[in-house]
Amino acid sequence: MPPETASQALEAFQRGLMADFAAKLALLQNNVHPPGPVTLDDVPSYLRERFVGKSGRYLLQIFARDNIWEREPMQAFVRQLQAVDADVTGPPIVAFYAISNMQQGYVRGGLYALLTIAGLTFLHFRRFTPTALALLPLGVAALWMLPAMALFDVRMNIANLIVIPLFMGMAIDNGIHLVDRALEPPHIAAQRATQSTGKAVVLATLTTIVGFGSLMVAQHAGIFSFGLLLALAVSCLLLAVFTTLPLLLRVVRLTSVPSITVGLTPATRVE
């Protein structure tokens, strides 16, 4: 560039550099001789409101060394804090008890659902033997689901605990269909359970596996575990329905409930 233009540019740069140097030098000089210790009056008001209570007591924040969003580190961290102060609070404490209460609620809801399902099934059949046979796939599939979870490294968590009541509903549904078909008189049940009703049960169960299994394409870990666990549970249910239940239906002799004739027409009957 022309010498005059270069001289003007360098002069502007020098002025800016000198001003910056003077500011830094003044800052260092001020810090060499501080005016006095920092007091609460020197702290911004938003920090005082956050860390100093109305009683004048200070807020003490404690951070965990481990990842507290894992169950075991969170529980250990909360227990250690409560050993020092039973009234300690904060996000880890709230999350720990919220998750614990939700898990207990799901387990309690599953127990209520099981009792309700067993009661309604007994009201449907009005006898113990068909009720027990209809509930059998639920119990067998639940036992098989535990080693399947260990095989695929799936754990119960807050995201997939809702599988429990869903699994119970589907299990008893298949058992009732097959036991109802076995209770039909021979002249009505022209085909065996594995030829007509069985095909319908298989189709409905497979569509359920595909539907919930499609959740495993999600990148969210909670949604993935929910889809995987439900697919495993329904797969175990399908195996239980067509292995243990047909064998017992061959061994146990079922008879239909006696008909009650209604006094309107001779052909009108209520089973």
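Notes on the structure follow. (Residues numbered from 1 in each chain as written. Predicted model: local features only at pLDDT ≥ 70, side-chain atom pairs only at ≥ 80, totals over all residues. Heavy atoms only, no water.)

Look at helix 5 (residues 128–151) against helix 8 (residues 221–241): their axes get within 8 Å of each other, and the N-to-C directions meet at 130°. Relative to helix 8, the element helix 5 is oriented oblique. Pair helix 5 / helix 8 crosses with right-handed handedness. Here helix 5 contributes P137, V140, A141, W144, M145, A148 and M149 to the contact with helix 8, which in turn contributes L229, L232, A233, C236, L237, L239, A240 and V241. Residue classes in the contact of helix 5 with helix 8 are distributed as 15 nonpolar, no polar and no charged. (Axes fitted to C-alpha atoms, helices over the stretch in contact; angles between N-to-C directions. Helix = DSSP H or I, 4+ residues; strand = E, 2+ residues; numbered from the N terminus. Parallel < 35°, antiparallel > 145°, perpendicular 65-115°, else oblique. Left-handed = near helix turned anticlockwise from the far one by under 90°. Contact = heavy atoms within 4.5 Å. Nonpolar A, V, L, I, M, F, W, Y, C, P; charged D, E, K, R; others polar.)

It is worth spelling out unusual backbone geometry at this point. We note that R126 has phi near 65°; this positive angle belongs to a residue other than glycine. Positive phi values are uncommon outside glycine, yet D153 reaches one of about 55°. Judged by relative accessible area, D153 falls into the exposed class, the value being 61%. (Buried < 20%, exposed > 50% of the residue type's maximum accessible area, 1.4 Å probe, protein only.)

On to the side chain of S100. Turning to its location among the elements, S100 is positioned in helix 4 (residues 91–125). A residue is classified by how much of its surface remains accessible, and S100, at 11% relative accessible area, is buried.

A separate point is helix 3 (residues 71–84). Relative to the 20 Å expected for 14 residues at 1.5 Å per residue, helix 3 spans 21 Å between its end C-alpha atoms, a close match to the ideal helical length. Of all the residues in helix 3, the buried ones are M74, F77, V78 and L81. Viewed end-on, helix 3 has its buried residues packed into an arc of 95°, placing them on one side of the element. Exposed side of helix 3, more than 90 degrees from the buried face: E72, Q80 and A83 are the residues found there. (Expected span 1.5 Å × (residues − 1). Arc of directions from axis to C-beta.)

One broad rule of soluble globular proteins: the nonpolar side chains tend to lie buried together. Core analysis: the biggest nonpolar cluster contains 36 residues, and F167, V179 and L237 have the highest contact counts within it. Within the residue set of this core, elements represented by two or more residues are helix 4, helix 5, helix 6 (163–183), helix 7 (197–213) and helix 8. With 12 residues, the single largest contributor to this core is helix 8. (Core = buried A, V, L, I, M, F, W, Y, C linked by side-chain atoms within 4.5 Å.)

Our next topic: the packing of aromatic side chains. Considering all chains together, one arrives at 2 aromatic pairs under this definition. With a centroid separation of 5.1 Å and an interplanar angle of 80°, the aromatic rings of F96 and Y97 are classed as edge-to-face. We classify F96 as buried; its relative accessible area is 2%. On the basis of relative accessibility, which here comes to 35%, the residue Y97 falls in the partly exposed class. Each ring, one from F212 and one from F226, has its centre 6.1 Å from the other, and the planes form 75°; the classification is edge-to-face. One end of the pair, F212, is in helix 7; the other, F226, is in helix 8, with 14 residues separating them in the sequence. Taking relative accessible area as the criterion, F226 reaches 14% and is therefore assigned buried. (Phe/Tyr/Trp six-rings, centres within 6.5 Å; stacked < 30°, edge-to-face > 60°.)

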